[in-house]
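Below are the chains, spelled out letter by letter.
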Amino acid sequence: MKKILIAPSTDPCPVKDLTKYVKTLEEAGADLIHCDIMDGKFVERRTFDYMILAFIRKSTRLKLDVHLMVQNPTMVAKHYVRYGADRIIIHYEAFPDKIQLVGAVQSIKKLGVSVGVAINPKTPVKVLDTILKYVDLVLVMSVEPGKSGQAFIKDSLIKIAYLNKKRTEENLNFLIEVDGGINEIYAPIVAVSGADIVVSGSAIYNAENKENMIKLMHGQAI
Ligand code: DX5
Ligand code: ZN
């Protein structure tokens with residue numbers, strides 16, 4: 001089985017502790033950091049913006065995924081790129097149509113970063129069929145976006161398997177990332193279904209021994 005990458009999320013860590021937390025995650029064996037940006041409009045909560053991302057950037061050598069749960073992702077993406085994002089993930093649901101979504105993917109790519117598209121649990125995966133050739137990554141939301149600590153939605157496994165099959169059949173090379181409710185039990189299951197990266201918020205944040213938790217998620221013995 002290929003090794004799945006573990007991307008701990010900044011949510012639920014309080015903003016004041018983020019730089020320290022990110023250092024701890026790097027030492028504990030995280031593969032990349034998933035930064036959850038919420039604007040209080042696309043989702044109810046607000047987290048932090050690109051000024052805080054700049055501090056995170058200085059605290060780690062790991063790559064930074066920036067998951068934009070915001071109303072106008074195209075407008076703000078350039079700030080996150082400037083302050084350290086390696087990949088920008090925008091939501092399918094933030095756009096009125098696919099033409100505008102693909103336009104946003106292409107314009108953000110020109111900033112020199114990898115671009116992913118996220119879909120909410122209620123969005124059918126098939127809506128992405130014609131878009132897959134433009135994206136570097138698909139983020140399957142396995143909880144409703146907006147807060148950590150929710151239960152993994154099992155139907156997400158069908159979406160992951162569908163994307164994995166499509167990728168092989170059409171000879172595409174986008175990555176599959178899964179976000180929400182993932183713990184040491186679900187990480188290996190998600191990996192077998194075809195995911196390349198798992199995001200984990202509360203399972204890692206609440207783990208007393210983060211190194212062991214990340215090892216278990218990698219499918220290693222502790
Ligand atoms: C959901 C966020 C996730 C979330 C993950 O709104 O995009 O990244 O914080 O947290 P857990 O793993 O606790 O669901
Ligand atoms: Zn996220």
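Look up a bit, the structure's there.
Below or above, wherever it landed, is the structure these notes cover. (Residues numbered from 1 in each chain as written. Chains lettered and ligands numbered in written order. Predicted model: local features only at pLDDT ≥ 70, side-chain atom pairs only at ≥ 80, totals over all residues. Heavy atoms only, no water.)

## Some remarks on the sheet that holds strand E8 (residues 197–200)
- On the basis of which strands lie adjacent, the open sheet formed by 8 strands has the order E1-E8-E7-E6-E5-E4-E3-E2 and parallel pairing. Strand pairing shows two members of the sheet lacking a second neighbour, strand E1 (5–8) and strand E2 (32–38), which therefore form its edges. This sheet shows a mean twist of 25 degrees between the axes of neighbouring strands, independent of strand direction.
- Bridge count between strand E5 (residues 114–119) and strand E6 (residues 137–141): 4 bridges; the pairing is parallel. Residue pairing across strands places Ile119 opposite Val140, the latter belonging to E6.
- The sheet strands contacting helix H2 (residues 50–59) are E2 and strand E3 (63–69), and the helix crosses E3 at an angle near 160 degrees. (Pairing = 2+ DSSP bridges. Helix = DSSP H or I, 4+ residues; strand = E, 2+ residues; numbered from the N terminus. Axes fitted to C-alpha atoms, helices over the stretch in contact; angles between N-to-C directions. Contact = heavy atoms within 4.5 Å.)

## Some thoughts on the coordination of the zinc ion (ligand 2)
- Protein ligation of the zinc ion (ligand 2) involves His34 (NE2), Asp36 (OD), His67 (ND1) and Asp179 (OD), the donor distances falling in the range 2.1 to 2.3 Å.
- With 6 donor atoms in place around the zinc ion (ligand 2) and angles of 68 to 171 degrees between them, the coordination shape is octahedral. (Donors = N, O, S within 2.8 Å, 3.2 Å for Na, K, Ca; no water. Tetrahedral: all angles 85-135°; square planar, octahedral: opposite > 155°, others 65-115°.)

## Describing the state of the cysteines
- All told, the structure shown has 0 disulfides when counted by the stated rule.
- For Cys13, which is in no disulfide, the shortest distance to another cysteine sulfur is to Cys35 and amounts to 11 Å.
- The exposure class assigned to Cys35 is buried, which follows from its relative accessible area of 0%. (Disulfide = S-S within 2.5 Å. Buried < 20%, exposed > 50% of the residue type's maximum accessible area, 1.4 Å probe, protein only.)

## Points about helix H6 (residues 186–193)
- Those residues of H6 not exposed but buried are Tyr186, Ala187, Val190, Ala191 and Ser193. All buried residues of H6 lie within an arc of 160 degrees about the axis, which places them on one face of the element.
- On its buried face, H6 sits against helix H5 (156–169), strand E7 (175–179), E8 and helix H8 (210–217).
- Just downstream of H6 lies Gly194, where phi reads positive at about 125 degrees. (Arc of directions from axis to C-beta.)

## Observations regarding the packing of aromatic side chains
- All chains considered together, the criterion is met by 4 aromatic pairs.
- Taking the centre distance of 4.3 Å and the plane angle of 25 degrees together, the rings of Phe152 and Tyr186 count as stacked. Here Phe152 is found in the loop between E6 and H5, whereas its partner Tyr186 is found in helix H6, with 34 residues between them in sequence. Of the two residues, Phe152 and Tyr186, both sit in the buried class.
- The rings of Tyr50, Tyr80 and Tyr83 are connected pair by pair, giving a single aromatic cluster.
- Above the ring of Phe55, the side-chain terminus of Lys58 is found at 5.9 Å from the ring centroid.
- Positioned above the aromatic ring of Phe174 is the side chain of Arg167, whose terminal nitrogen or guanidinium carbon lies 5.7 Å from the ring centre. (Phe/Tyr/Trp six-rings, centres within 6.5 Å; stacked < 30°, edge-to-face > 60°. Lys NZ or Arg CZ within 6 Å of the ring centre and 35° of its normal.)

## Considerations on the nonpolar core
- Of all hydrophobic cores here, the largest spans 65 residues; its most connected members are Val66, Leu68, Ile88, Ile90, Leu128 and Val190.
- Those residues in contact with Ile88 that sit more than four places away from it in its chain are Val66, Leu68, Ala77, Tyr80, Val81, Ile108, Val113, Ser114, Val115 and Gly116.
- Grouped together as the second largest cluster of nonpolar side chains are 10 residues, Leu32, Ile89, Ala118 and Val143 included. (Core = buried A, V, L, I, M, F, W, Y, C linked by side-chain atoms within 4.5 Å.)

## Details of the site of ligand 1
- The immediate surroundings of ligand 1 are formed by 20 residues, with Asp36, Gly146, Asp179, Gly201 and Ser202 found nearest.
- Measuring from an oxygen atom of ligand 1, one finds a side-chain N or O atom of Asp36 at 2.6 Å.
- Taking Asp179, its side chain carries an N or O atom lying 2.8 Å from an oxygen atom of ligand 1.
- The set of elements that each furnish at least two residues to the shell around ligand 1 consists of E2, E3 and E8.
- Here the shell around ligand 1 gets 3 residues from one element, more than from any other, and that element is E2.
- Along the lines of polarity and charge, the residues of the shell around ligand 1 split into 5 nonpolar, 11 polar and 4 charged. (Near = heavy atom within 4 Å. Polar contact = N/O pair within 3.5 Å; in protein donor to acceptor, adjacent residues only side chain to side chain. Nonpolar A, V, L, I, M, F, W, Y, C, P; charged D, E, K, R; others polar.)

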